[in-house]
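# Survey of secondary and tertiary structure
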Amino acid sequence: MIKKIIFIVILLALIGGGYWYVGQKKEINPTLDWQTFRSDKYGYEVKYPTDIEIKNLFEGKALTVLLESYLNVPGNLIEERQSLSDSIDVIFMLDINPASNPTNLPLTAWLEENVFSGHRSITPAGGRETTLAGEPAYYIEQNHNGKNGLYAYTRYTIYTLHNGNLYQISGVKLPQSPTPEWLAHPYYQYLEQSIPISEAILNSFRFLD
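Now for a look at the structure at hand.

Take the pattern of salt bridges next. Any two side chains of opposite charge can pair, so long as their charged atoms come close to each other. For the coordinates displayed, the defined rule picks out four salt bridges. Ionic pairing is found between Arg38 and Asp40, a salt bridge with its closest N-O pair at 2.8 Å. Asp40 gets classed as exposed once you look at its relative accessible area, which sits at 58%. One salt bridge connects Arg38 with Glu45, and the closest N-O pair in it is separated by 3.6 Å. By relative accessible area, Glu45 is classed as buried at 14%. Within this structure, Arg38, Asp40, Glu45 and Arg206 form a network of salt bridges that share partners.

So, on to the pairing of strand E1 (residues 35-39). One ladder, built from five bridges, connects E1 with strand E2 (residues 44-48); its direction is antiparallel. By the bridge assignment for E2, Arg38 is matched with Glu45. Taking the residues that link successive antiparallel strands as the turn, the E1-E2 hairpin has four residues, and the phi of Gly43 there is positive, at about 70°.

Moving on, we get to the nonpolar core. Tyr44, Val46, Leu94, Tyr167 and Phe205 are the most contacted members of the largest nonpolar core, which has 24 residues in total. When residues of this core are traced back to their parent elements, those giving at least two are E2, strand E5 (90-98), strand E7 (135-144), strand E8 (153-162), strand E9 (165-173) and helix H6 (186-204). In contact with Phe205, not counting residues within four places along its chain, are Tyr44, Glu45, Val46, Leu94, Leu132, Ala133, Tyr167 and Ile169.

The next subject is the sheet that holds strand E10 (residues 206-207). Within a beta sheet, neighbouring strands are joined by backbone hydrogen bonds and run either parallel or antiparallel to one another. What the three strands build is an open sheet, ordered E1-E2-E10; its pairing is antiparallel. Because the sheet does not close on itself, it has two edges, and the strands there are E1 and E10. Note that E2 and E10 share two bridges and pair antiparallel. Bridged to Glu45 within E10 is Arg206.

Bringing the packing of aromatic side chains into the picture now. Centre-to-centre distance and the angle between the planes together describe a pair of aromatic rings. Inspection of the entire model under this criterion finds 11 aromatic pairs. On the basis of an interplanar angle of 15° and a centroid distance of 5.8 Å, the ring pair of Tyr139 and Tyr156 is categorised as stacked. Separated by 17 residues along the polypeptide, Tyr139 in strand E7 and Tyr156 in strand E8 bring together distant segments of the chain. Geometrically, the ring pair formed by Trp182 and Tyr188 is edge-to-face, given 5.3 Å between the ring centres and 80° between the ring planes. Look at Tyr188 and you get buried, because its relative accessible area is 4%.

Assignment of secondary structure puts Ser204 in helix H6. Among the polar contacts made by the side chain of Ser204, one reaches the main-chain carbonyl oxygen of Ile201 at a distance of 2.7 Å. When sequence neighbours within four positions are dropped, the list of residues in contact with Ser204 reads Glu45, Val46 and Lys47.

Thresholds, definitions, all that
Residues numbered from 1 in each chain as written. Predicted model: local features only at pLDDT ≥ 70, side-chain atom pairs only at ≥ 80, totals over all residues. Heavy atoms only, no water. Salt bridge = Lys/Arg side-chain N within 4 Å of Asp/Glu carboxyl O. Buried < 20%, exposed > 50% of the residue type's maximum accessible area, 1.4 Å probe, protein only. Pairing = 2+ DSSP bridges. Helix = DSSP H or I, 4+ residues; strand = E, 2+ residues; numbered from the N terminus. Core = buried A, V, L, I, M, F, W, Y, C linked by side-chain atoms within 4.5 Å. Contact = heavy atoms within 4.5 Å. Phe/Tyr/Trp six-rings, centres within 6.5 Å; stacked < 30°, edge-to-face > 60°. Polar contact = N/O pair within 3.5 Å; in protein donor to acceptor, adjacent residues only side chain to side chain.

Here it is in structure tokens:
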């Protein structure tokens, strides 16, 4: 009887462990079957879902993923999006520009002098230090009220310097407390589905050297 109980306990533990492993494997490899976009000219690569097309300009200098690109948004919903905001559909955007830092300024000081200067809405004080693909980076957020103040969202931007270039990645976040009008809006559900995908794209970004 005791052996039987021990056997059942071990069996249940193995089954539970198997479910945990499968769940962990899924979580660890969200981009396992994705395609890889690689830019040798700008020294990076990033993964994206197999069923979408990305907008690539100048051999990877500018890379944009639009919501409708991979969610097949119906025409009427595209019109809804356009009535909400001009930029909310861009949920992942990479832009690369030449950047000179001959005096080796810290990233925040360099950004304040070369990027944030003259932009009252973008300041280092409003962000935080982070990393991007192992490099020191800086993260800021800008809040947007959307149409009539009912459809709020946040656009985040991450900056880093690498091999003489400024890499700038932007994306969209939804508010923690959306208005009832926004929560009931069909475009809100599309964003809820797409933002985790954009986060996975961001997490797959890496430099080639």
